[in-house]
Amino acid sequence: MHDLLVLRHAEAAPTAPGDGDFERPLSPHGLTQADVAGQWLKAHAPAPETILCSPAQRTRMTAARVLEAISPNAPSLQILDGIYEATPGQLVALLDRHASAECVLLIGHNPGLERLVALLCEGRSPDFRGMPSAALAHIRLDGPLEPGNGRLLAFHTQ
């Protein structure tokens with residue numbers, strides 16, 4: 001893997017009575033954020049060969065809006081249970097299975113994503129900087145997928 005695009009899901013609606021965190025959809029503002037994130041990806045980032053997404057409703061909705069923006073050449077979406085509530089180490093292990101892809105787009109949740117970005121770019125995860133909803137980090141890997149081997153090329157927030 002040469003490039004990693006890390007996207008936190010867009011803003012989610014509050015939990016509805018009877019639903020859990022997993023079922024939360026995007027808010028109206030979140031729908032707009034996801035569209036803007038997709039437009040930014042199309043204009044400023046390499047096209048992903050692989051897209052990995054958490055199975056939570058808000059991440060799947062974010063992915064759908066992003067895919068609309070970057071299509072028609074977008075690869076199929078891979079929904080992976082292991083992304084939801086993943087630690088940075090679990091995310092690295094998951095990404096390592098896709099190391100042959102030139103560019104991977106990972107769509108998931110905090111605190112795992114912000115800690116992953118810190119781990120890859122700074123070599124440690126306790127010093128995470130934060131990723132607001134719909135934030136995108138473009139990381140260029142200088143060698144294998146290991147702590148400290150990433151350079152943050154761009155960080156897009158709304």
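I will try to describe carefully the structure that is included in this document.

Quick notes on the rules
- Counting starts from 1 at the beginning of each chain's written sequence and moves along it residue by residue.
- Selection of residues for local features in this predicted model requires a pLDDT of at least 70, selection of side-chain atom pairs for listing and counting requires 80 or more, and totals for whole chains, interfaces and linings are taken over all residues.
- For side-chain calculations, the full set of non-hydrogen atoms in the structure is used, while hydrogens and water are omitted.
- In short, DSSP must find at least two bridges between two strands for them to pair.
- The way it works is that DSSP assigns letters per residue, a run of H or I at least four long becomes a helix, a run of E at least two long becomes a strand, and they are numbered from the N terminus.
- Simply put, an axis is a line fit to the C-alpha atoms, just over the touching stretch for a helix, and the angle between two N-to-C directions goes from 0 to 180 degrees.
- When checking whether two residues touch, look at their non-hydrogen atoms; a contact exists if any pair is within 4.5 Å.
- Roughly parallel here means an angle under 35 degrees, roughly antiparallel means over 145, roughly perpendicular means 65 to 115, and every remaining angle is called oblique.
- Only Asp, Glu, Lys and Arg are considered charged in this grouping, and only Ala, Val, Leu, Ile, Met, Phe, Trp, Tyr, Cys and Pro are considered nonpolar; every other residue, Gly among them, is considered polar.
- Any pair of Phe, Tyr and Trp rings, taking the six-membered ring for Trp, is counted once the centres come within 6.5 Å. Such a pair is stacked with planes under 30 degrees apart, edge-to-face with planes over 60 apart, and tilted for the rest.
- For every residue, the accessible area (1.4 Å probe, protein chains only) is compared with the maximum for its type, and the residue is labelled buried under 20%, exposed over 50%, or partly exposed between those bounds.
- Basic side-chain nitrogens of Lys or Arg form a salt bridge, by our definition, when they fall within 4 Å of a carboxyl oxygen of Asp or Glu.

1. A look at the sheet that holds strand S3 (residues 77-79)
Pairing in this open sheet of six strands is mixed, and the strands run S3-S2-S4-S1-S5-S6 from one edge to the other. Single-partner strands in this sheet number two, and they are S3 and strand S6 (150-156). Here the strands of the sheet are splayed against their neighbours by 20° on average, with no regard to which way each runs. Pairing between strand S2 (residues 50-53) and strand S4 (residues 103-108): four bridges, direction parallel. Of the residues in S4, the one forming a bridge with Cys53 is Ile107. Relative to the sheet, helix H3 (residues 88-96) contacts strand S1 (3-8), S2 and S4, its axis offset from that of S4 by approximately 145°.

2. Digging into the environment of Gly130
The residue Gly130 is located in the loop between helix H4 (112-122) and strand S5 (136-141) in this model. In this structure the C-alpha to C-alpha distance between Gly130 and His9, which are 121 residues apart in sequence, comes to 13 Å. If we skip the residues at most four places from it in the chain, Gly130 touches Glu114 and Phe155.

3. A few points about the packing of H3 against H4
To describe two helices that pack against each other, one gives the angle between their axes and the distance between the axes. Between H3 and H4, whose axes approach to 8 Å, the crossing angle comes to 75°. With respect to their mutual orientation, H3 and H4 come out roughly perpendicular. Contacts between H3 and H4 pair Pro88, Leu91, Val92 and Leu95 from the former with Gly112, Leu113, Arg115, Leu116, Leu119 and Leu120 from the latter. Each residue belonging to the contact of H3 with H4 can be placed in one class, and the counts come to eight nonpolar, one polar and one charged.

4. Notes on the packing of aromatic side chains
The relative placement of two aromatic rings is captured by the distance of their centres and the angle of their planes. With the rule as written, the count across this model stands at one aromatic pair. Aromatic pair Phe22 and Tyr84: ring centres 5.0 Å apart, planes at 85°, arrangement edge-to-face. One end of the pair, Phe22, is in the loop between S1 and helix H1 (28-44); the other, Tyr84, is in the loop between S3 and H3, and 62 residues separate them in sequence. Overall, the relative accessible area of 30% leaves Phe22 in the partly exposed class.

5. Observations concerning the pattern of salt bridges
Applying the stated criterion across every chain, the model contains five salt bridges. A salt bridge links Asp142 to Arg151; the shortest N-O distance between them is 2.7 Å. Among the charged side chains, a network of salt bridges with common partners joins Asp21, Arg24 and Arg58.

6. A short note on the pairing of S5
When you tally the buried positions in S5, you get five out of six residues, the bulk of the element. Of the strand pairs in this sheet, S1 and S5 are connected by five bridges, and their pairing is antiparallel. Its bridge partner lying in S5, Leu7 is registered against Leu136. Looking at chain direction, S5 and S6 are connected through six bridges and run antiparallel. Considered in S6, the bridge of Leu141 is made with Gly150.

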